[in-house]
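Survey of secondary and tertiary structure
Listed here are the chains, written in short residue letters.
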Amino acid sequence: MNIVVLVKQVPDTWAERKLDATDKTLDRASVDVVMNEIDEYAVEEALRIQADQGGEVTIVSMAPDRGVETIRKALSMGADKAVHLSDPALHGSDAVQTSYALAKVLGTLEYDLVIAGSEATDSRMAIMTPLLAERLGQPQLSGARKVTVDGGTVRIERQTDNGYDVVEASTPAIVSVVEKINEPRYPSFKGIMAAKKKPLTTLTLADAGIEADRVGLASAPSQVVEFSNKPPRQAGQIVKDEGDGGVKVAEYLASQKLV
Amino acid sequence: MPSLLLSRRDLEFLLYEWLDVELLTKRPRHAEHSRETFDAVLDLAEQVATRDFAPHNKKADENEPTFDGTTVTLIPEVKKALDVFAQTGLIASGMDESVGGMQLPGVVAGACFAFFQAANVGSSSYPFLTIGNANLLMAHGTPEQVDTYVRPMVEGRFFGTMCLSEPQAGSSLADVTTRAVPQDDGSYRLFGNKMWISAGEHELSENIVHLVLAKIPGSPPGVKGISLFVVPKVVVETGERNDVVLAGLNHKMGYRGTTNTLLNFGEGVHTPGGQPGAVGFLVGEANRGLPYMFHMMNEARIGVGSGAMALGYTGYLKSLQYARERPQGRPVAAKDPSAPQVPIIAHADVKRMLLAQKCYVEGALALVLYCNRLLDDERTAETQEDREQAHLLLDTLTPIAKSWPSQWCLEANSLAIQVHGGYGYTREYDVEQHYRDNRLNPIHEGTHGIQGLDLLGRKVVMQGGQGLALLHRTISATAARASGDLADLGAQLQASADRVVEVTGQLWATGDPEVALANASVYLEAVGHVVVAWLWLEQLLAAEGRTGDFYDGKRVAGRFFFRYELPRTGPQLDLLASLDRTTLDVKQAWL
Ligand SMILES: Cc1cc2nc3c(=O)[nH]c(=O)nc-3n(C[C@H](O)[C@H](O)[C@H](O)COP(=O)(O)OP(=O)(O)OC[C@H]3O[C@@H](n4cnc5c(N)ncnc54)[C@H](O)[C@@H]3O)c2cc1C
């Protein structure tokens, strides 16, 4: 069972995330970056399936040069090798363009499963796996809280609001996972040392056969036209307890659809 | 979220911009490493400390270990955290490849460990002692002892302790009375009591490896008759329970997650091999136990300094965050009582308390990392001469590396409470626990007073005063590099260092050790401040020409130290130079 895990480097969740004022793309340079949190679960799931079924786990990431740090982390958790798509011409690509570029890279690899996190904490579009499935003509199993592989069949439990659905597909398939699925491991110290020696291929647009005019900010189908900062937080609503505080709080939560 | 344990930015400045630890990767021992592996392991340490150690720090404090007469129970989070620590391979980070270690430079391993000490000093004691124990056996044990005890310790299956103190022998180890009686098969049987033994009993590991100081009957009196034994809780060869039992747990002010025990050896509760007596195996040669134990203690002393620093550091970061968020009062010059209140960080006195903490904790971090770097040089510097110099300088600095953070980072914790006002005095906030935890550090691993005697009575006079001379040369070299904006600090430092040498001479010129050593603790504190001033100047030199808040913060904290702290040494050194006899002459009845 050969598995590709898609890994994205994102600004640290706690950092103040900003758009660059000049080209309205994400400002990556001035913040700490980390592996998109749900991708750690994706890597973990791939490693678990590999432990059970054998095969290789390959990390694929499209990111600027600095993305190597995140790729190494995935390798130090235990993945076998990695492909890093890195080219200045990719800067500013939107989701549709990114899916095109990633599909090209996936086209150069042999795999039974592609596993990815269900969304990234920076863009929060949750659209990459459907786009890839469409482009590659492969089935998509989204929102998995459990994955089982049986020969050429992958079965998942898809998390829903009220429970879960069981969905299955034949391989090769694209699976996205949610945080419920597992508890990601830490990289071990041995893993960190070993990661330095694992194969890491860096691809440019040309290497991956990506047409330059189909990626990048200038030709992006969706453009950020304007943005403004979030207004400062409003004062909270104070509920005075006159014997019915509990009820009022419950009503408020219900009105906000939180319960 | 930026960590509230330690500042990663500060660590990176000290490791890479000041100590240039990347150079260590040129040495064969660390050739497999690079900045990338250093960063990855620092990330790992920070993450595990944050996610698995910090969350149960308070809970462990509020639920100290209990003993029902048979079993010691700790909150389950402790074991879970220690399992993660072992699984990630952090126990063996600095050790030799031959035992499964990763040969990380000590200075980086020390930086990693500081995250755990800041997150949860109680839980981190278990690996702390285990690592020290394993390192001692690596240095002085037989290959069989390494196989039997070190390997399982590296894997996290066995934990270690150090058993020196006895009820009647704490500072004065010459008076230990635990006996080790030789047996026909070459092993020993131990009889006696050991007091204060940290991690002495628990169910966290399969076995506990005690390193025990004891006397073989007929050996010379005093420290020259002390030998070192390895005494496992479970005899590895036979699987029998050894005759070491817990007499009781001590109930402590802090460090509550670490069990602290009175252990009875050889009282016949268990009878391994059919007879009473704790089965023990000699480490190295008989009667050389104390020097071997010092192998562990010297590392442990730097480790204690590191723990004190880490508690001070996290307290500083927490009080800094609090000061930014707590609105209270208005600027001195404000006239309008209806104007909004300012955060307390705007008040000069609060800034003073924050600056004092900053210069204590960042100074202590520099001191601890510098000493760990010397440990690396002592082991792997290129020439024999460099290794010897590193050893001599480290030997001289060790009492300061232990005591200075223990004193001043405790003071930092006190200031962190003060910054929190009444809230800091409650258990709602973390800082009162940090203070209680940190209060241990001037006591164990040789009290403050004992460190003073060690510095003035041994370290600065050993080898005809070469240690002090080397320290003075090293400080002078830094002072000489300070020019331009830093020239005044260089001159102030040079004058202080010269005065230390002069006063040391005056103290010993009396030829009367009683007079010379009467104020050894004052000496320790004065020299400690001069050493830390030196390391602050080193940091300012490393920051020269760099711009931004981080470097400006270094500059202001360094200047603060020279302005508010270093001048304290003037009256201290004057007192010493006067050969004051107050403490000698005071009659016991007057106290
Ligand atoms: C929480 C905790 C954990 C510990 N863990 C361990 C451990 O794991 N293993 C272990 O072996 N020990 C351990 N210890 C013991 C510790 O090292 C001793 O408490 C310490 O060495 C002091 O000994 P003491 O308590 O007997 O005090 P004492 O030696 O009685 O000292 C009392 C006071 O007298 C002063 N004093 C004593 N002798 C002199 C002198 N000659 N000149 C000047 N002043 C002097 C001391 O500085 C101190 O202020 C631990 C202690 C504590 C509290």
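Predicted, not measured: the structure shown is a model, and the values here were computed from it.

This part takes up the site of the ligand. Residues and elements named next belong to chain B. Neighbouring the ligand are 21 residues; Leu 164, Gly 170, Ser 171, Trp 196 and Gly 449 lie closest to it. For the shell around the ligand, a count of residues per class yields nine nonpolar, ten polar and two charged. Here the shell around the ligand gathers at least three residues from each of two domains, domain 2 (160-286) and domain 3 (447-583).

What follows deals with helix H10 (residues 384-420) of chain B. Residues and elements named next belong to chain B. Here H10 contains 37 residues, and its C-alpha end-to-end distance of 51 Å stays within 8% of the 54 Å for a straight helix at 1.5 Å per residue. In the structure, H10 departs most strongly from a straight axis at Leu 397, where the bend amounts to approximately 45 degrees and where the proline Pro 399 lies between one and four residues downstream. Most of H10 sits out of view: 26 of its 37 residues are buried. Among the residues trailing H10, Gly 421 stands out with phi positive, at a value near 60 degrees.

Looking now at the domain arrangement of chain B. Residue and element names in this part refer to chain B. On domain assignment, one finds that chain B holds domain 1 (8-159), domain 2 (160-286) and domain 3 (447-583). Each of domain 1 and domain 2 has a C-alpha centre, and the two are 24 Å apart. With 33 residues of domain 1 in contact, the opposing surface of domain 2 contributes 29 residues. Those elements giving two or more residues to the side of domain 1 that touches domain 2 turn out to be helix H3 (57-62), helix H4 (76-87), helix H6 (121-140), helix H7 (143-154) and strand E3 (158-163). With twelve residues, H6 is the largest single contributor of residues to the side of domain 1 that touches domain 2. Grouping the amino acids of the side of domain 1 that touches domain 2 by side-chain chemistry returns 17 nonpolar, twelve polar and four charged.

Residue and element names in this part refer to chain B. At a closest axis distance of 9 Å, the pairing of H10 and helix H16 (residues 520-543) adopts a crossing angle of 90 degrees. With respect to H16, the element H10 is oriented roughly perpendicular. On H16, the residues that touch Leu 397, Pro 399, Ile 400, Ser 403, Trp 404 and Gln 407 of H10 are Leu 524, Glu 525, Val 527, Gly 528, Val 531 and Val 532. The residue inventory of the contact of H10 with H16, partitioned by class, reads eight nonpolar, three polar and one charged.

All right, on to the pairing of strand E4 (residues 179-182) of chain B then. Residue and element names in this part refer to chain B. Bridging between E4 and strand E5 (residues 188-198) involves four bridges; their strand directions are antiparallel. Residue Val 181 lies in a different strand from E5, and its bridge partner there is Arg 189. In this structure, the hairpin formed by E4 and E5 is closed by a connection of five residues, where Gly 186 is found at a positive phi of approximately 95 degrees.

Turning our eyes to something else, we now look at the sheet that holds strand E4 (residues 57-62) of chain A. All names here are of chain A. In space, the nine strands of this open sheet follow the order E9-E8-E7-E10-E6-E1-E4-E5-E11, with mixed pairing throughout. Lying at the two open borders of the sheet, with one neighbouring strand each, are strand E9 (164-170) and strand E11 (200-203). Pairwise comparison of adjacent strand axes, ignoring direction, gives a mean angle of 30 degrees for this sheet. Pairing between strand E1 (residues 3-6) and strand E6 (residues 113-117): four bridges, direction parallel. Paired with Leu 6 across the bridge in E6 is Ala 116. Of the strands in this sheet, E1, E4, strand E5 (81-85), E6 and E11 touch helix H3 (residues 95-107), which is tilted by about 150 degrees from E4.

To continue, consider unusual backbone geometry. The omega angle of the peptide bond from Thr 171 of chain A to Pro 172 of chain A is -5 degrees, so this bond is cis rather than trans. One can find Pro 172 of chain A in the loop between E9 and strand E10 (173-177). With phi around 50 degrees, Asp 20 of chain B is a residue other than glycine that occupies positive phi space. Along the chain, Asp 20 of chain B turns up in the loop between helix H1 (8-18) and helix H2 (35-53). In this structure Asp 20 of chain B comes out as exposed when scored by C-beta crowding, with 11 C-beta atoms within 10 Å. Within the chain, Asn 287 of chain B stands out as a residue other than glycine whose phi angle is a positive 70 degrees.

Definitions and limits used
Residues numbered from 1 in each chain as written. Chains lettered and ligands numbered in written order. Predicted model: local features only at pLDDT ≥ 70, side-chain atom pairs only at ≥ 80, totals over all residues. Near = placed C-beta within 6 Å. Nonpolar A, V, L, I, M, F, W, Y, C, P; charged D, E, K, R; others polar. Domains from an automatic or database assignment. Helix = DSSP H or I, 4+ residues; strand = E, 2+ residues; numbered from the N terminus. Expected span 1.5 Å × (residues − 1). Bend = angle between axes of the 7 residues up to and from the residue. Buried ≥ 20, exposed ≤ 12 C-beta atoms within 10 Å, placed from the backbone. Contact = placed C-beta atoms within 7 Å. Axes fitted to C-alpha atoms, helices over the stretch in contact; angles between N-to-C directions. Parallel < 35°, antiparallel > 145°, perpendicular 65-115°, else oblique. Pairing = 2+ DSSP bridges.

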